[in-house]
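Reading the structure
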Amino acid sequence: MSAPPCTEQEVTGPERFVPLWPAEDTPGAPQDTEKPPTEEQEKSESGESQIERTSPFTLPHTSCDVTYVPYESELQMPDIVKIMKASLSEPYSIYTYRYFIHNWPGLCVLAHSGGVCVGAVVCKLERHHYDVKRGYIAMLAVDNNYRKRKIGSTLVRLCIWQMLSQGCDEVVLETEVTNRAALSLYENLGFVRDKYLHQYYLNGVAAYRLKLWLRDPHDGDS
């Protein structure tokens, strides 16, 4: 299956995608999301904060035939599993998918084109230390025929948008040291290489732990 040609257009807000959180009472729905910090707000006396490099959290140039939809039911699980298995080197059981998606359904987003799932992201958000809420990007995959169209970065941005609305302080993930495309995608969004993990994956490949700070980690220090 090849991606149909389509003229790209600039999108600057959440109106581009099918309502991700359509119920008005859904916590963190886009209409209730706080606006990202302005350039002036991001600066502090000590310099620019980490988030400046990723602001504003608006959708990039996206192909007009791709829409982004939320996880809504178990009926979407086969599509998620299929695209992850085709793209990721690490094997995951159905229980791993259900752990993330059933506990954090609002942090799972799918990209559709022509009624077919061409991308997906699976994340979670929980308290890391008593005063830090940490987001974690567990899985991200895009169909080979739909790459280089900003779909992966859009999926990540949408989840970070949700995490921000829920008071997230930082976001982390692991990726293979040999996966240059993934490293480039995340580093372009402001992630930095925080730790080297020797032989992290089952195939023996090492990983980098990448981290994005959404607020100054020194805020609140005396």
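Bear in mind the structure is a predicted one, so any value in this text is a computation, not a measurement.

This paragraph deals with unusual backbone geometry. You will see that lysine 150, though not glycine, has its phi angle at about 70°, which is positive. Along the polypeptide, lysine 150 turns up in the loop between β8 (132–142) and α4 (151–165). With relative accessibility at 47%, the residue lysine 150 sits in the partly exposed group. At glutamine 199, a position not held by glycine, the phi torsion is positive, near 45°. Note that glutamine 199 resides in the loop between β10 (192–197) and β11 (207–213). Among the residues examined, glutamine 199 registers a relative accessible area of 51% and is labelled exposed.

By the criterion of burial, strand β5 (residues 66–70) is predominantly enclosed, with four of the five residues buried. Here five bridges tie β5 to strand β6 (residues 108–113), and the two strands are oriented antiparallel to one another. Across the sheet, proline 70 pairs through a bridge with valine 109, a residue of β6.

Moving on to the side chain of glutamate 90. Here glutamate 90 shows up in the loop between α2 (77–87) and α3 (94–103). Residues contacting glutamate 90, with those up to four places away along its chain left out, are Tyr201 and Leu202.

Tracing the chain through its elements places leucine 125 in strand β7 (residues 116–129). Residue classification places leucine 125 among the buried positions, given a relative accessible area of 8%. Residues leucine 125 and methionine 163, 38 residues apart in the sequence, show an inter-C-alpha distance of 7.0 Å. If sequence neighbours within four positions are ignored, leucine 125 has contacts with Trp104, Leu107, Lys133, Arg134, Gly135, Met163, Gln166 and Cys168.

Take the layout of surface pockets next. Any empty space left between atoms is shown by rolling a water-sized probe over those atoms. Considered as a void within the structure, the largest pocket measures approximately 1200 Å³ in volume. Around the largest pocket sit 38 residues that line it, and Leu140, Asn179, Ala181, Ala182 and Leu185 are the ones nearest its centre. Here the lining of the largest pocket takes seven residues from β8, the largest share from any one element. Classifying every residue of the lining of the largest pocket gives 21 nonpolar, nine polar and eight charged.

Moving on, we come to the packing of aromatic side chains. Taken as a whole and judged by the stated rule, the model has eight aromatic pairs. When the centroid spacing of 5.4 Å and the interplanar angle of 80° are considered together, the rings of tyrosine 99 and tryptophan 104 count as edge-to-face. Residue class for tyrosine 99 comes out partly exposed when judged on its relative accessible area of 35%. Within the aromatic cluster, the residues linked to one another by ring pairs are Tyr99, Phe100, Trp104 and Tyr136. Its end group placed over the ring of tyrosine 208, arginine 193 keeps NZ or CZ at 4.7 Å from the ring centre.

Another point: the confidence of the model for the protein chain. Here the protein chain averages 77 in pLDDT, and 68% of its residues register 70 or above. Across residues 4–61, where pLDDT falls below 50, the model places 102 contacts with residues more than four positions away in sequence or in other chains.

Within the fold, lysine 195 resides in strand β10. Between the alpha carbons of lysine 195 and tyrosine 208 there is a distance of 5.7 Å; along the sequence they are 13 residues apart. Excluding residues within four positions of it along the chain, lysine 195 makes contact with Ala207, Tyr208 and Arg209.

What counts and what doesn't
Positions within a chain are numbered from 1, following the residues in the order the chain's sequence is written. Side-chain atom pairs in this predicted model are given and counted only at pLDDT of 80 or more, local residue features only at pLDDT of at least 70, and totals for whole chains, interfaces and linings cover all residues. To get the side-chain values, all heavy atoms of the structure are used, and hydrogens and water are removed first. Helical segments are the DSSP runs of H or I of at least four residues, strand segments are the runs of E of at least two, and each set is numbered from the N terminus. Three labels apply to residues, based on accessible area from a 1.4 Å probe with only protein chains included: buried if under 20% of the type maximum, exposed if over 50%, partly exposed otherwise in between. Pairing between strands requires that DSSP locate at least two bridges from one strand to the other. Working rule for contacts: check all heavy atoms of both residues, and any pair within 4.5 Å makes them a contact. Of the grid points, spaced at 1 Å and generated over the protein atoms alone, those admitting a 1.4 Å probe that cannot get out make up cavities, while open sets with protein on both sides within 12 Å along at least five of seven lines make up pockets; any residue with an atom within 4 Å of a point is treated as lining. Grid points are joined across faces, edges and corners, and a volume is the space filled by probe spheres set on the points. Under the scheme applied, nonpolar residues are Ala, Val, Leu, Ile, Met, Phe, Trp, Tyr, Cys and Pro; charged residues are Asp, Glu, Lys and Arg; polar residues are all the others, including Gly. Planes of paired rings set the category: under 30 degrees apart is stacked, over 60 is edge-to-face and the rest tilted, where pairs are Phe, Tyr or Trp rings (Trp by its six-membered ring) whose centres lie within 6.5 Å. Remark: a charge is flagged as sitting over a ring if the NZ atom of Lys or the CZ atom of Arg is within 6 Å of the ring centre and within 35 degrees of the ring normal. Each residue carries a pLDDT score, the predictor's confidence in it, ranging from 0 to 100.

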